[in-house]
Amino acid sequence: MSLPEGAVVTHPGYEIVARQDFSDTTYLLEFQHPMMARAAKAGQFVIVMANEAGERIPLTIADFDRARGTITLVIQAVGKTTREMQQECRVGSRLHAVVGPMGIPTHIGTSKKVVCVGGGLGVAPIYPQARAHKQNGAYVIGILGFRNKALMFWEDKFRACCDELIICTDDGSAGIKGLVTAGISQSLEKHADIDEVVAIGPPVMMKGCAAATRERGVKTMVSLNPVMVDGTGMCGGCRVKVGDKVLFACVDGPDFDGHQVDFDDLMHRLKRYVPSEKQALERWQESCRIRGDAAMTQV
Ligand SMILES: Cc1cc2nc3c(=O)[nH]c(=O)nc-3n(C[C@H](O)[C@H](O)[C@H](O)COP(=O)(O)OP(=O)(O)OC[C@H]3O[C@@H](n4cnc5c(N)ncnc54)[C@H](O)[C@@H]3O)c2cc1C
Ligand code: FES
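Residues numbered from 1 in each chain as written. Chains lettered and ligands numbered in written order. Predicted model: local features only at pLDDT ≥ 70, side-chain atom pairs only at ≥ 80, totals over all residues. Heavy atoms only, no water.

Chemist: Run through helix 5 (residues 180-190), naming residues and quoting values.
Modeler: Every buried residue belonging to helix 5 is among Val 180, Gly 183, Ile 184, Ser 187 and Leu 188, and all of these are buried. Take helix 5 and look down its axis: the buried residues cluster within an arc of 135°, on one side only. Facing away from the buried side of helix 5, by more than 90 degrees, are the exposed residues Glu 189 and Lys 190. In this structure, the buried side of helix 5 is in contact with strand 9 (113-119), strand 10 (139-146), strand 11 (164-169), strand 12 (176-177), strand 13 (196-200) and helix 6 (203-214). (Buried < 20%, exposed > 50% of the residue type's maximum accessible area, 1.4 Å probe, protein only. Helix = DSSP H or I, 4+ residues; strand = E, 2+ residues; numbered from the N terminus. Arc of directions from axis to C-beta. Contact = heavy atoms within 4.5 Å.)

Written out as structure tokens, the structure reads:
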């Protein structure tokens, strides 16, 4: 059936059904998307456009509920788009567009004893992997690292799927005082039969985790977060060096062998866009200030 001349097709978007604020900067959004919830697997991500004029940003599927038909994201407000979403995304509002699930799902395999390490925001994306390993019959050791106790989230969800849980905080306000690498050393000392370590967090943390397991030769997988543009393997924006290969995180990953990843190159590439990201944030903050002023004048 053809549309009448001048007709505009509007997409209703995806309704946000839950929101939780874990801290001043970290928030959870759960949105309705039954088809995606049916297809989603641990380790995959989506590309979200929060509003019609918004930037497309990649976000990991932190949880999915096939029965309720929902997808959960946990987001850290670091720049223009993630802060704008923090302001605008409320229960009942809609995400303009969501593409996914994207990326190769985590290979769950046959590992019998797995350590799942999440640092800061990385705690959210490691959760579906910990749950998938548990459902696959593995003995799961969770290691969660936060700067301090106030920033902790999802301890209960991890307790439900981990056989052991180690909390690490930089200041010692909860669990052991130290970095997640201290938790890894503790686990490696206690268990000689760990098959695999999976680590998600800032690149410097994943680099440290890979270094902590290298000597013992324990398989270590990491999930990389280079800047992504199209997410389809076309633009080359997300290329990463893994061993002697150049791979694209969006289609070849985002999970890679941590012992092969060139983390220094990744960290160097992540810094390349800092000046334009700073400019975008300043422009947005200025427009918010002007809108606020305008609103005040109208009162
Ligand atoms: C596979 C993948 C999964 C991710 N999952 C999550 C998640 O679950 N939760 C979360 O909070 N963040 C996640 N990120 C990072 C998130 O995409 C960026 O924080 C976001 O794009 C920043 O946009 P901004 O405008 O708020 O900040 P900007 O000021 O534009 O950028 C801040 C920093 O975010 C990173 N970044 C910026 N643009 C992109 C981009 N297009 N692609 C990737 N990184 C970018 C850069 O390191 C940059 O320095 C993920 C990134 C990737 C690649
Ligand atoms: S984001 Fe363009 S190739 Fe991966």
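There's more to say after this.
Chemist: Which residues make up the pattern of salt bridges, and what values go with them?
Modeler: The full count for this structure, using the stated rule, is 14 salt bridges. Between Glu 15 and Arg 94 there is a salt bridge, and its shortest N-O distance comes to 4.0 Å. A residue pair is termed long-range when its members are at least 10 positions apart, and Glu 15 in strand 1 (residues 14-21) and Arg 94 in strand 7 (residues 94-95) qualify at 79 residues. Residue Glu 15 is classed as partly exposed on the basis of its relative accessible area, which comes to 31%. Accessibility expressed as a relative area gives 42% for Arg 94, which makes it partly exposed. Three or more residues joined by partner-sharing salt bridges are found here, namely Asp 63, Arg 131 and Lys 157. (Salt bridge = Lys/Arg side-chain N within 4 Å of Asp/Glu carboxyl O.)

Chemist: So what about the nonpolar core? Which residues, and what values?
Modeler: Of all hydrophobic cores here, the largest spans 32 residues; its most connected members are Val 117, Ile 143, Leu 224 and Phe 263. In terms of residue count, helix 6 provides more of this core than any other element does, 4 residues in total. Two domains each put at least three residues into this core: domain 1 (14-102) and domain 2 (113-269). Grouped together as the second largest cluster of nonpolar side chains are 27 residues, Ala 62, Cys 116, Met 152 and Trp 154 included. (Core = buried A, V, L, I, M, F, W, Y, C linked by side-chain atoms within 4.5 Å. Domains from an automatic or database assignment.)

Chemist: Quick rundown of helix 8 (residues 263-270)? Include the residues and the values.
Modeler: Here helix 8 has its buried residues at Phe 263, Asp 265, Leu 266 and Arg 269. Buried residues in helix 8, looked at end-on, bunch into an arc of 160°, giving them a common side. Where helix 8 is buried, its residues meet helix 6, strand 14 (219-223) and strand 15 (239-242). For helix 8, the N-terminal capping position is held by Asp 262, with its side-chain oxygen 3.3 Å away from the main-chain nitrogen of Asp 264. (Polar contact = N/O pair within 3.5 Å; in protein donor to acceptor, adjacent residues only side chain to side chain.)

Chemist: Residue-level account of the packing of helix 6 against helix 8, with values.
Modeler: Orientation of helix 6 relative to helix 8, taken along the N-to-C sense of each, is 180°, at an axis distance of 10 Å. Between helix 6 and helix 8, the interaxial angle falls into the category roughly antiparallel. Side by side, helix 6 and helix 8 meet where Pro 203, Val 204, Met 206, Lys 207 and Ala 210 of the first sit next to Phe 263, Asp 264, Leu 266, Met 267 and Leu 270 of the second. A class-by-class count of the residues in the contact of helix 6 with helix 8 yields 8 nonpolar, no polar and 2 charged. (Axes fitted to C-alpha atoms, helices over the stretch in contact; angles between N-to-C directions. Parallel < 35°, antiparallel > 145°, perpendicular 65-115°, else oblique. Nonpolar A, V, L, I, M, F, W, Y, C, P; charged D, E, K, R; others polar.)

Chemist: Break down unusual backbone geometry for me, citing the residues and quoting the values.
Modeler: Across the junction of Gly 100 and Pro 101, the peptide omega takes the value -5°, indicating a cis bond. Its place among the elements puts Pro 101 in strand 8 (residues 97-102). Of note, the bond from Gly 253 into Pro 254 is cis; its omega dihedral lies within 30 degrees of zero at 15°. Relative to the helices and strands, Pro 254 resides in the loop between helix 7 (249-252) and strand 17 (255-257).

Chemist: Pulling in residues and values, what's your account of the side chain of Thr 26?
Modeler: Topologically, Thr 26 is positioned in strand 2 (residues 26-32). Overall, the relative accessible area of 9% leaves Thr 26 in the buried class.

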